[in-house]
Amino acid sequence: MNKVSPILVAQITDTHLFASESHKMQGMPTIQSLEAVVDRLKDLRNELDLLLLTGDLAGDGNPQSYDNLQTLLNPLQIPTYWLPGNHDCAIAMSDILNMGMVSRRKSFNRGGWNFILLDSALPGCVHGYLTGKTLDWLDSELKLLGDAPTLVALHHPPFSVNSAWLDSSTLKNPEEFFAVLDRHPQVKLVLFGHIHQEFQRQRHQVHYLGSPSTGLQFRAKTPTLMIDSKYPGFRLLKLYPNGMWETAVERVPYFQPLELAAKVS
């Protein structure tokens, strides 16, 4: 009998951990909200095949922040892969996030799917950009890996999300990115973070998915930064070897401090 069982992937993004565990992001204790998400992932541990961490894992780029992350993830014992965001320090990440089940590999295969993780972060910039070297590597990996269904991940969205303040910091060269993807019909999904909210769009045959943060949520379709009262969350993806997929966003009931509620009104 052919193996048709899918794999289950959790996308974790924009954890914004800090060196000091008491540090808050706009009133949100990000380590506590991530702990709540990790507790939920523990419930799913026997079903989950891998975790994808799509950037802004630290809020300060401090090595201690990645130590804190590694400590939180270790008990899960789930294969974990990551890419950097604009708040991250890629060098510190590479040094620290490579122990136990956490890997710094950027191209791998699981359950009949290929996964390719891209670095869209530019040092000192909030917006994203894929360098020519990165795009060439993506193209060569897609050629090398062949026809198996493929998921590509990066931190910055390649589309505007109808929020003026966020749209100034999206991927600055999406057309170059799309040009590569258009040559490789095996690409089914593109995942990203950065926007701290749920987002879905289709371009040609590729579906682009943005996911909520494990901490602070940004309200959708606002001209300036507004905090949303929605719970922290993550995305689950069920990937079938034939290229079919299902996805859902799950939110974790985490009590948000009252000072956040004041910012929403």
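Everything below is about the structure shown above.
Here the structure is a predicted model, which means the values were calculated and not measured.

Asker: Any chance you could break down the layout of surface pockets for me, citing the residues and the numbers?
Answerer: Considered as a void within the structure, the largest pocket measures approximately 280 Å³ in volume. Forming the boundary of the largest pocket are 13 residues, of which K106, L117, D119, T134 and W137 lie nearest the centre. The set of elements that each furnish at least two residues to the lining of the largest pocket consists of α3 (90-96) and α4 (132-145). Split by residue class, the lining of the largest pocket holds 6 nonpolar, 3 polar and 4 charged.

Asker: A description of the sheet that holds strand β7 (residues 150-153) should follow, citing residues and the corresponding values.
Answerer: Pairing in this open sheet of 6 strands is mixed, and the strands run β5-β6-β7-β8-β10-β9 from one edge to the other. A single partner strand is all that each edge strand has here, and the edge strands are β5 (107-110) and β9 (199-203). Strand after strand, the sheet turns through a mean of 20 degrees between neighbouring axes, direction not considered. Two strands pair when backbone bridges link them, and strand β8 (residues 187-192) and strand β10 (residues 206-210) are joined in this way by 4 bridges, in the parallel orientation. The residue bridging L189 from the neighbouring strand is H207, located in β10. Lying over the sheet, α4 contacts β5, β6 (113-117), β7 and β8, oriented at roughly 170 degrees with respect to β6.

Asker: How would you explain the environment of Y240 if you had to name every residue and give the values?
Answerer: Position of Y240 among the secondary structure elements: in the loop between β13 (233-239) and β14 (245-251). The sequence separation of Y240 and E250 amounts to 10 residues, and the corresponding C-alpha distance is 20 Å. Sequence-distant contacts of Y240, defined by excluding residues within four places in its chain, comprise V4, P6, W113, W245 and E246. Separated by 3.0 Å, the side chains of Y240 and E246 make a polar contact.

Asker: With reference to specific residues and values, describe the state of the cysteines.
Answerer: What the rule picks out here adds up to 0 disulfides. Looking at C89, it has no disulfide partner, and the nearest cysteine sulfur is the one in C125, 15 Å off. Note on C125: relative accessible area 24%, which makes it partly exposed.

Asker: Describe α4, naming the residues involved and giving the relevant values.
Answerer: Given 3.6 residues per helical turn, the α-helix brings residues three or four places apart onto the same face. Taking 1.5 Å per residue, 14 residues should reach 20 Å; α4 reaches 20 Å between its end C-alpha atoms and fits that length. Taken as a whole, α4 has its buried residues at T134, L135, L138, D139, E141 and L142. Viewed along the axis of α4, the buried residues span an arc of 165 degrees, placing them on a single side of the element. Seen from the buried face of α4, the exposed residues on the opposite side, beyond 90 degrees, are K133, D136, K143 and L144. Structurally, α4 contributes buried residues whose contacts are with β5, β6, β7, α6 (174-182) and β8.

Asker: Summarise the packing of aromatic side chains; cite the residues concerned and give the values.
Answerer: Tallied over the full model, the rule gives 8 aromatic pairs. Summarising the aromatic geometry, the rings of Y81 and F108 are spaced 3.7 Å apart at their centres and angled 15 degrees between planes, so their arrangement reads as stacked. Remark: F108 occurs in strand β5 and Y81 occurs in strand β3 (residues 80-83); sequence separation between them is 27 residues. In this structure, Y81 and F108 share a single accessibility class: buried. Linked through ring pairs, F159, F177, F178 and Y208 together constitute an aromatic cluster. The residue whose ring lies beneath K106 is W82, and the NZ or CZ to ring-centre distance is 3.6 Å. The side chain of R203 reaches across the aromatic face of F178, ending 4.2 Å from its centre.

Asker: Lay out empty space enclosed by the protein in plain terms, naming residues and giving numbers.
Answerer: Throughout the structure, instances matching the rule amount to 1 cavity of 30 Å³ or more. Considered as a void within the structure, the largest cavity measures approximately 30 Å³ in volume. Taken together, L73, N74, Q77, I78, M101 and V102 make up the lining of the largest cavity.

Asker: How would you sum up the pairing of β5? Please name residues and give values.
Answerer: Sheet analysis places β5 next to β6, joined by 4 bridges and oriented antiparallel. Counted as the bridge partner of F108 is F115 from β6. The turn joining β5 and β6, which pair antiparallel and follow one another in sequence, is formed by 2 residues; a positive phi near 60 degrees is taken by G111.

Asker: Please give an account of the packing of α4 against α6 that cites residues and values.
Answerer: Two elements in contact, α4 and α6, have axes separated by 10 Å at closest approach and are oriented at 10 degrees. Compared by their axis directions, α4 and α6 come out roughly parallel. Together, L135, L138, D139 and L142 of α4 and E176, F177, V180 and L181 of α6 make up the contact between the two elements. When grouped by side-chain class, the residues that make up the contact of α4 with α6 number 6 nonpolar, no polar and 2 charged.

Reading the values: rules and limits
- Residues numbered from 1 in each chain as written.
- Predicted model: local features only at pLDDT ≥ 70, side-chain atom pairs only at ≥ 80, totals over all residues.
- Heavy atoms only, no water.
- 1 Å grid on protein atoms, 1.4 Å probe; cavity = no way out; pocket = protein on both sides within 12 Å on 5 of 7 lines; lining within 4 Å.
- Points joined across faces, edges and corners; volume = space filled by probe spheres on them.
- Helix = DSSP H or I, 4+ residues; strand = E, 2+ residues; numbered from the N terminus.
- Nonpolar A, V, L, I, M, F, W, Y, C, P; charged D, E, K, R; others polar.
- Pairing = 2+ DSSP bridges.
- Axes fitted to C-alpha atoms, helices over the stretch in contact; angles between N-to-C directions.
- Contact = heavy atoms within 4.5 Å.
- Polar contact = N/O pair within 3.5 Å; in protein donor to acceptor, adjacent residues only side chain to side chain.
- Disulfide = S-S within 2.5 Å.
- Buried < 20%, exposed > 50% of the residue type's maximum accessible area, 1.4 Å probe, protein only.
- Expected span 1.5 Å × (residues − 1).
- Arc of directions from axis to C-beta.
- Phe/Tyr/Trp six-rings, centres within 6.5 Å; stacked < 30°, edge-to-face > 60°.
- Lys NZ or Arg CZ within 6 Å of the ring centre and 35° of its normal.
- Parallel < 35°, antiparallel > 145°, perpendicular 65-115°, else oblique.

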